[in-house]
Amino acid sequence: MTEPGRRTWLYIGVLSGCFVIATLAGWTTLAKRIDHYAYDLTTAITPVTDYGSDSIVVAIDEETLRQRGGMRKIRTILAEALEQISAAQPKAVAVDVILADGGTGASDQSEDARLEAALHDTKNLILSCDLVPSGWEDPLPLFASAAAAIGHAHSEVDRLDGVSRALSLEETANHQRRWALALEAFRISRGQPITESPEDLQVGEVTIPAPLGASGRPMLIRYLPSGITTVSALRVSQNALALKDKTVFLGITALSAARDRLLNPDGINIAGVEVHAHAFETMARGNFLRSAGNLSTLGLSILFTIAAGLAFAFLPGWMAYAAALAIIITAMTVPFYLFWQGLVFPLSGPAFVAWLSCSGAATYQHFFVRRQLRRSESEKSRYQQAIHWAAHEMRTPLTAIQGSSEIMTNYSLPEAKQKQLSEMINSESKRLARLIQTFLDVERLAEGHMEMKREVFPAAGVVNTCLRRVEPLASRKTITISLDTPVEGTLTGDRELMEYAFYNLLTNAVKYSPAGTHVSITASARGDALRLAVRDEGIGMDAKELKNIFRKFYRTQRAEQSGEVGTGIGLSIVEQIVTHHGGRMEVSSEPGKGSCFTMILKVKLQRNIVAETIDR
Ligand code: ADP
């Protein structure tokens, strides 16, 4: 794969990773809590135009219970309240008290009879049932027969914070489906049937968005900030006018007795009957909130990731950061804006995605740009150093050529001397050409562009050529060089490069040894490995220096102080050449005692070849 292609895929990978992590984080409890907080905050700050409410709560409050004999007398209280409610001519009456168990005593029976009569006298009556483990807990048949409908009074409570934000309009137990009390009250008050589709419910003109899912048909309740008008059950007749043509929700609000005290998004404790009334009002106003599905949320998050990716890929510097800021601000505000349009998006998921994608993209680009910069800087310095090295290496043959040619022109020399000088010019210019070739080869080798030659040549040839070449240098420093063991076998690869490498080891040994010392070359072959070692008695190196010597342009302090010129590039090239030939380098050294550089190369030994031939 090309470098830009690889980079693009890596960038996409980083962004996808950010997306996945942030999306998963959006599903955590913490994120859900943030979403709830944002939801509650938005509901609190969303203005709701006050319009005369369509419902009214008749509350069996603390005072009613106190004055009328407490919960023991609930049926009488209900009967009395219903009698007065009916007289006020409401549109419908929903009773949020489960009338499931009958009394057995004589007074109970008379109470039940009064309640039965009151229920039968109530027009458009909706009774409630509750969800119990065994199924539906319905009103007793004598009460149920008075009802136009029976709706469930089961309130949905959020598992995390106990707030009732939604009401399931449909619940099924024991294969029996019940609409919610509020929905039944709405249907009956409108005198219209419920038409259902998977996505919503239709009552008359009103379409209620309540998609059918695993948890029934949840409908988000829009709580009225001013609350629902509430009249105490004790004072119904005094407020008869307020009840006229309204849908009445009759239920217990007394803290001590209410079966279901719930929390609204404002954190206020309200009774179940009030929650039903608010749900009813939500339907009556037709101003619904829809929950955005998981797919839309994911879609929005993907858009943020793509935007972050594009911004950092195509915009320069500060503009990318400005775009990232815009993306994050959008992610943080879009849910609020959409909420006002009636669409509820979670805040945390897409916001996390926007944050993480922007950070991921920014970090990636930052490091990428820095790496590019570092690479081009090191390339530049490498190139400069390489030129320096080439110039340095060329100086010696050039000086020799220059000197010899000057002598030949300025002096009349005997023929033998002339011949010697012209031979020297010839060999030095060949060396120069070789040097240029080596320089180019090494450069290409470093860039990874070079196909190495693959010729077969005797290892001994390489050693002898280099030995001959280094001899004058050594004798100038009165350093003796010996080849202590015969060199066996053939190598495969580039002879020129291999000579360069071995010659480098020899010149280093001579360069970094004091006059009068000895350099020894040993060769040993085992299996297919040839160890070619150059041991000197020179300045040596300590362990720390040893670690660095194959780094380009590294020179030890000791080498600098020895007065020997060098570029610190030779050994790095040696190592490259050896590894390109499938071999490796080994070095041991001790300061002041000397060093031993060993090339370990793949070799074919004559005796092995012979053995192979015989085997065949
Ligand atoms: P150069 O000799 O041009 O400085 P090299 O890459 O050949 O560059 O060597 C790198 C460094 O390794 C040398 O500068 C020197 O410090 C150290 N070095 C190499 N060979 C020897 C040796 N035989 N003895 C001591 N130090 C050595």
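Look a little higher up for the structure.
Note that residues are indexed from 1 along each chain, following the sequence as it is written. Per-residue local features of the predicted model are confined to residues with pLDDT of at least 70, and side-chain atom pairs are confined, for both listing and counting, to 80 or more; whole-chain, interface and lining totals are unaffected and use all residues. Neither water nor hydrogens contribute to the side-chain values; these are computed over all heavy atoms in the structure.

> Even after reading the chapter, I still don't get the site of the ligand, so can you show me in this structure?
Taken together, 21 residues surround the ligand, and among them Asn508, Tyr512, Arg555, Thr556 and Leu571 come closest. Any pair of N or O atoms that falls within 3.5 Å is considered a polar contact. Within protein, one atom must be able to donate a hydrogen and the other to accept it, and sequence-neighbouring residues count only if both atoms are side-chain atoms. A distance of 3.1 Å is found between an oxygen atom of the ligand and a side-chain nitrogen or oxygen belonging to Lys511. To measure how exposed things are, a 1.4 Å probe is used in the Shrake-Rupley method; for residues, cover is taken only from the protein chains shown. Relative to its unbound accessible area of 530 Å², the ligand is 98% covered by the protein chains. The helix count covers DSSP runs of H or I at least four residues long, the strand count covers runs of E at least two residues long, and both are numbered beginning at the N terminus. Going through the elements one at a time, helix H15 (495-511), helix H18 (570-580) and strand E25 (594-602) are the ones with two or more residues in the shell around the ligand. Of all the elements, H15 adds the most residues to the shell around the ligand, at 4 residues. Basically, the charged four are Asp, Glu, Lys and Arg, the nonpolar ten are Ala, Val, Leu, Ile, Met, Phe, Trp, Tyr, Cys and Pro, and anything else, Gly included, counts as polar. Here the residues of the shell around the ligand are counted per class, giving 10 nonpolar, 8 polar and 3 charged. Proximity is defined per residue: if any heavy atom of the residue lies within 4 Å of a molecule or strand, that residue is considered near it.

> How do you make sense of the nonpolar core when you look at a structure like this?
What we call a nonpolar core is a set of buried Ala, Val, Leu, Ile, Met, Phe, Trp, Tyr and Cys residues that are connected through their side-chain atoms within 4.5 Å. Summary of the burial criterion: residues with accessible area below 20% of their type's maximum are buried, those above 50% are exposed, and those between are partly exposed, where the area comes from a 1.4 Å probe applied to protein chains only. Residues Ile481, Leu491, Phe502, Leu505, Leu532, Met585 and Met599 are the most contacted members of the largest nonpolar core, which totals 49 residues. At the level of secondary structure, the elements contributing two or more residues to this core comprise helix H12 (348-410), helix H14 (459-476), H15, strand E22 (518-526), strand E23 (529-535), H18 and E25. When residues of this core are assigned to their parent elements, the largest contribution, 10 residues, is made by H15. Residue contacts are counted whenever heavy atoms from the two residues lie within 4.5 Å of one another. Those residues in contact with Leu532 that sit more than four places away from it in its chain are Val463, Val487, Phe502, Thr522, Ala523, Phe597, Thr598, Met599 and Leu601. Formed by 39 residues, the second largest nonpolar core is a distinct cluster that contains Ala149, Tyr223, Ala277 and Phe288.

> What should I look at first to understand the pairing of strand E14 (residues 247-252) in this one?
Looking along a regular strand, one sees the side chains alternate between the two faces of the sheet. The buried fraction of E14 is high, at 6 of 6 residues. By definition, two strands form a pair when at least two bridges between them are found by DSSP. The sheet contact formed by strand E1 (residues 55-60) and E14 spans 6 bridges and is parallel. Residue pairing for E14: Val58 is matched across the bridge by Leu250.

> Explanation requested: the packing of aromatic side chains in the structure shown.
Aromatic ring pairs are described here by two measures, namely the spacing of the ring centres and the angle between the planes. Each aromatic pair joins two rings of Phe, Tyr and Trp (for Trp, the six-membered one) with centres within 6.5 Å, and gets the label stacked for planes under 30 degrees apart, edge-to-face for over 60, and tilted for any other angle. Enumeration over the complete set of coordinates arrives at 6 aromatic pairs. Ring geometry for Phe312 against Tyr321: centres 5.3 Å apart, planes inclined by 85°, an arrangement best described as edge-to-face. Its relative accessible area of 47% is what places Tyr321 among the partly exposed residues. What links up through ring pairs into an aromatic cluster is the set Tyr11, Tyr364 and Phe368. Against the face of Tyr503 rests Arg469, its NZ or CZ located 5.2 Å from the ring centre. Remark: a charge is flagged as sitting over a ring if the NZ atom of Lys or the CZ atom of Arg is within 6 Å of the ring centre and within 35 degrees of the ring normal.

> Would you mind showing me how to read the environment of Trp318 here?
By the secondary structure assignment, Trp318 is in helix H11 (residues 317-340). With a relative accessible area of 67%, Trp318 lands in the exposed category. Sequence separation of Trp318 and Ile521 is 203 residues, and the distance between their C-alpha atoms is 62 Å.

> Help me understand the packing of helix H10 (residues 294-314) against H11 in this model?
Helix-helix packing is described using two parameters, namely the angle between the two axes and the distance between the axes. Contact pair H10 / H11: the axes reach a minimum separation of 8 Å and the direction vectors enclose 170°. Our classification of the angle between H10 and H11 gives roughly antiparallel. Where H10 approaches H11, its residues Leu300, Phe304, Ala307, Ala308, Ala311 and Phe312 are matched on the opposing element by Ala320, Tyr321, Ala323, Ala324, Ile327, Thr330, Ala331 and Val334. For the contact of H10 with H11, the per-class residue count stands at 13 nonpolar, 1 polar and no charged. Axis geometry follows a simple rule: fit a line to the C-alpha atoms, using only the stretch in contact for helices, then measure angles between N-to-C directions, giving values from 0 to 180 degrees. Roughly parallel here means an angle under 35 degrees, roughly antiparallel means over 145, roughly perpendicular means 65 to 115, and every remaining angle is called oblique.

> Is there a simple way to think about the sheet that holds E22 in this case?
Adjacent strands of a sheet form backbone hydrogen bonds with each other and so pair up, either parallel or antiparallel. If you walk across this open sheet you meet the 5 strands as E20-E22-E23-E25-E24, and the pairing is mixed. On the outer flanks of this sheet lie strand E20 (480-483) and strand E24 (584-590), each paired with one strand and no other. Across this sheet, the average inter-strand angle for adjacent strands is 15°, counted without regard to direction. Pairing geometry for E20 and E22, over 4 bridges, is parallel. Counted as the bridge partner of Ile481 is Val519 from E22.

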